[in-house]
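Now for the letters of each chain:
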Amino acid sequence: MPGFKSHSGSAAVLDRNHVDTDQIIPKQFLKKIDKAGYGEFLFYDWRYLSDGGENPAFDLNKKEAKGASILVAGKNFGCGSSREHAPWALKDYGFQVIIAESFADIFFNNCVKNGILPIRLSVNDIQQLRKDPSEKVIQNLTVNLEEQYVANQNGEVFRFDFDPYWKKMLLNGWDEISVTLHQEAKIKKYEDERIVN
Amino acid sequence: MSKTIIDKLWDSHVVVNEENKPDLLYIDLHLIHEVTSPQAFAGLREKNRTVRRPDLCFATMDHNIPTIDRFNIKDETSRLQVETLEKNCEEFGIQLEGLNSEQQGIVHVIGPELGLTLPGKTIVCGDSHTSTHGAFGALAFGIGTSEVEHVLATQTLWQNKPKQMKVNIEGDLGFGVTAKDVILWFIAKFGTNVGTGSIIEFSGSTVRGFSMEERMTLCNMSIEAGAKASVIAPDETTFEYIQGKRYAPENQDFKQSCERWSKLASDPEAKFDQVIEIDASEIEPMVTWGTTPSMCLPVSGVIPVKDPLSTNEEEQALQNALTYMGFNGNERIEEISVQHVFIGSCTNSRLSDLIEASKVVEGSKVHPDVRAIVVPGSQAVKREAETLGLHQIFLDAGFEWRESGCSMCLGMNDDIVPEGERCASTSNRNFAGRQGKGARTHLVSPIMAAAAALKGKFTDVRSVLPVKELEVNRYAGV
């Protein structure tokens, strides 16, 4: 996986709380056995009308939101199931960063493992990222993982916290399993000493 | 230093503990199913890696399989997924209880009933409802497919230790109030992200009085409160349930294990980051009316009204939920008619759930406007229920009696609710589109679902049967 250092792009705003994984990718698309090609099914029930055409009212379908590589949402984003198909779909659609007030735990981990940067910002900071609160697309956002900030085009800077270990993993794009396999001796020792039920 | 049960479970599984790193935790049991595993096995193959401990893995198929004519999977992609699991398990030497196995069932139903789920273990599965196994005093949590691959390759996971929350529930539950109502009430009161970043210990006299199956229902839906996991200290009820299960320790081993498991309980002085006290007598039979589990009311409740001028995000969410669910607001829960009833899922498909529901159903008929189905959680539950004659009670009343699987909880197979129709469901999620595009899900307990099936609308189950006939569920389990 390529490392993630910084990213600039436009952000689409999804003004909703508790966006669950069934909304991000409905269950009928979980039957594939590979990781590719989920982007077209992202937010399927919101994005498409029953005749299969695009729903013009949906935020991500607005002309100015096309090509956005950052997604901004409310609190508890990604709640629900553990399906990694959700970050696969977001990534395949083109999102590299998700900014939200809070994330569900499993979803957050799933993003990190797929090279998507999930950023927690306060509701005030998220409001301030935009020029006005009704703005559905934020142009020219810069996200810097190394320095842990998001900057808007007015030059306002918003700091975020990030776990130092997962930061290092993301920055370097390391394969987590390879890293863990270096601990083989310790895993073996634990196995030899553990009490088996 | 005093430790909580969470500290004890955590500390005993730390393989690596270094500064500025999460802990590397050892995983004792890895449960696998067909939907979240294919890409993990493919990842191993790509890198020429093996499964480190196939003996600590256990697989079944549950999510996308049919519950009628189960050996004939018509949907090609579903069939490929099932066949892929068979192939992967064979190649990597993992025990699989597939469609033709007597032990097949929903992964969170069969783990406990086979004695694989035991106190003191760390248990993971690529499924968020892995929290269920915490009922035994195990540290059990759902993981994504990357983590499934990581566990397959290393039998470990890097984890930051979550915060700890104690939810202490004291007192007797009212007549007709079940473990399902307790967890729905908890989420309605404290919200779907009260547990985010935390592991919950459920304690108190109410929980101690619960059977293992009730405890599993409680822990199952802790993920709907956002919790990483939930746990209940093992006790005599736990040991009694485990004894004699197929893969449980036997004889002297079992006795020694019980002694060890008894020490897992939180020390009296142990500190939690947050403590929530609940009075069980406040809880009533609950019904969700919206599109998150926190949009939930007592059966006597009235649906909130939307304010069309409001722009606040929470108000907007309320409006979206009302619109999706086809409500104007101000409807009484007991006015809501249902077209479907689903008794099943990893939350409520165990024998005691079916026994309690059958008591409500016995001698009555399903309302003519309702399609009602019972989907036992496992082949073992189905066999046991049939031995007790429960299938006949349900069939006589007009229910369908199906084969085991996840079924209508998430509608990955043919068991879906049509657009705009309502389902009284004993499952765990009422998200928009969960049971089918445009389907309207109302989460309830098995006895409330049974009552709705008979009346064709939500009804206070306490009015359906006289007190003496409806014993509160205390069945010890399969």
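Scoring rules and cut-offs
Residues numbered from 1 in each chain as written. Chains lettered and ligands numbered in written order. Predicted model: local features only at pLDDT ≥ 70, side-chain atom pairs only at ≥ 80, totals over all residues. Heavy atoms only, no water. Helix = DSSP H or I, 4+ residues; strand = E, 2+ residues; numbered from the N terminus. Rg over C-alpha atoms; globule rule 2.2 N^0.38 Å. Contact = heavy atoms within 4.5 Å. Areas by Shrake-Rupley, 256 points an atom, 1.4 Å probe, with all protein chains shown as cover. Lys, Arg positive; Asp, Glu negative; His and termini not counted. Charge placed at Lys NZ, Arg CZ, Asp CG, Glu CD. Axes fitted to C-alpha atoms, helices over the stretch in contact; angles between N-to-C directions. Parallel < 35°, antiparallel > 145°, perpendicular 65-115°, else oblique. Left-handed = near helix turned anticlockwise from the far one by under 90°. Nonpolar A, V, L, I, M, F, W, Y, C, P; charged D, E, K, R; others polar. Buried area = accessible area lost by both parts, 1.4 Å probe. Salt bridge = Lys/Arg side-chain N within 4 Å of Asp/Glu carboxyl O. Polar contact = N/O pair within 3.5 Å; in protein donor to acceptor, adjacent residues only side chain to side chain. Buried < 20%, exposed > 50% of the residue type's maximum accessible area, 1.4 Å probe, protein only. Phe/Tyr/Trp six-rings, centres within 6.5 Å; stacked < 30°, edge-to-face > 60°. Lys NZ or Arg CZ within 6 Å of the ring centre and 35° of its normal. Pairing = 2+ DSSP bridges. Right-handed = clockwise from strand over helix to strand, strands pointing away.

A tally of regular secondary structure across chain B gives 15 helices and 19 strands. For 478 residues, the compact-globule estimate of 2.2 N^0.38 gives 23 Å, and the C-alpha radius of gyration of chain B, at 22 Å, lies within 12% of that figure. For chain B, the spread of C-alpha atoms along the three principal axes comes to 55 × 55 × 50 Å. Within chain B, counting contacts between residues at least 6 apart in sequence, those at least 24 apart form 76% of the total. Total accessible area computed for chain B in this model is approximately 16200 Å², and 47% of it derives from carbon and sulfur atoms. Chain B carries 46 positive and 66 negative side-chain charges, and their two centres are separated by 1 Å.

Residues and elements named next belong to chain B. Across the interface, helix α6 (residues 179–190) lies against helix α8 (residues 212–220) with an axial gap of 8 Å and an inter-helix angle of 20 degrees. The angle between α6 and α8 places the two elements in the roughly parallel class. Crossing hand, α6 versus α8: right-handed. In contact with A179, K180, V182 and I183 of α6, α8 contributes E214, T217 and L218. Grouping the amino acids of the contact of α6 with α8 by side-chain chemistry returns four nonpolar, one polar and two charged.

Next up on the list: the interface of chain B and chain A. Every contact between the two is made by 72 residues of chain B and, on the other side, 56 residues of chain A. Per-residue buried area on chain B facing chain A is highest for B:Q39, B:W158 and B:E313; these three make up 12% of the total on that side. Counting every contact that joins chain B to chain A gives eleven salt bridges. A salt bridge links B:K437 to A:D45; the shortest N-O distance between them is 3.9 Å. Counting the contacts that link chain B with chain A gives 35 residue pairs in polar contact (both at pLDDT 80 or more). Every element with two or more residues in the side of chain B that touches chain A is listed here: β1 (14–16), β2 (23–26), α2 (38–46), α3 (76–92), α5 (145–154), β8 (156–159), α10 (251–262) and α11 (313–325) of chain B.

Residues and elements named next belong to chain A. With respect to the secondary-structure elements, S10 resides in strand β1 (residues 6–13). The exposure class assigned to S10 is buried, which follows from its relative accessible area of 12%. Residues within four places of S10 in sequence aside, it is in contact with G67, A68, S69, I70, V137, I138, Q139 and N140.

Within this structure, the stated rule accounts for 39 salt bridges over all chains. Put simply, B:K3 and B:D11 hold a salt bridge, and the shortest N to O gap is 2.9 Å. Exposure remark for B:D11: the relative accessible area of 35% places this residue in the partly exposed category. Two residues, B:R79 and B:E83, come together in a salt bridge whose shortest N-O distance is 3.8 Å. A residue pair is termed a helical-turn pair when its members lie 3 or 4 positions apart in one helix, as B:R79 and B:E83 do in helix α3 at four residues. One connected set of salt bridges, linked through shared partners, spans A:E184, A:E191, B:R52, B:R53 and B:D55.

This part takes up the environment of A:L60. Residue and element names in this part refer to chain A. Position of L60 among the secondary structure elements: in the loop between α2 (44–47) and β2 (70–72). The class for L60 is buried, based on a relative accessible area of 0%. Along the primary structure L60 and K136 are separated by 76 residues, whereas in three dimensions their C-alpha atoms are 8.8 Å apart. Apart from the residues within four sequence positions on either side, L60 is in contact with A12, F43, A65, K66, L71, Y93 and F95.

This paragraph deals with the packing of aromatic side chains. Enumeration over the complete set of coordinates arrives at 27 aromatic pairs over all chains. Between A:F29 and A:Y44 the ring centres are 4.7 Å apart and the planes differ by 55 degrees, which places this aromatic pair in the tilted class. Taken together, the residues span a long stretch of sequence, with A:F29 in the loop between α1 (21–24) and α2 and A:Y44 in helix α2 at a distance of 15 residues. The ring of A:W46 has A:R16 lying over it, and the distance from NZ or CZ to the ring centre is 3.9 Å. One residue, B:K245, lies across the ring of B:Y241, its end atom 4.1 Å from the ring centre.

Below, the discussion takes up the packing of helix α12 (residues 351–361) of chain B against helix α15 (residues 446–455) of chain B. All names here are of chain B. It is the contact of α12 with α15, at a shortest axis distance of 8 Å, that shows an interaxial angle of 30 degrees. The angle between α12 and α15 falls in the class roughly parallel. In the crossing of α12 with α15, the sense of the turn from one axis to the other is right-handed. Between α12 and α15, the residues in contact are D353, E356, A357, V360 and V361 and P446, I447, A450, A451 and L454, respectively.

Phi at A:H18 takes a positive value of approximately 55 degrees, unusual for a residue other than glycine. With a relative accessible area of 17%, A:H18 lands in the buried category. Residues other than glycine seldom take positive phi values, yet B:S407 does so here, at roughly 55 degrees. With respect to the secondary-structure elements, B:S407 resides in the loop between β17 (400–401) and β18 (422–425). On the basis of relative accessible area, B:S407 is assigned to the buried category, the value being 0%.

Turning our eyes to something else, we now look at the pairing of strand β3 (residues 29–32) of chain B. All names here are of chain B. Side chains L29 and L31 of β3 all project onto a buried face; the interleaved residues H30 and I32 project onto the opposite face, where all are buried too. Note: β3 against strand β6 (residues 122–125), three bridges, orientation parallel. Each bridged residue has a counterpart across the sheet, and for H30 the counterpart in β6 is V124. Both β3 and strand β4 (residues 57–60) contribute to a ladder of three bridges, which runs parallel. Paired with L31 across the bridge in β4 is F58. Between the parallel pair β3 and β4, the chain is carried across by α2, and the sense of this crossover is right-handed.

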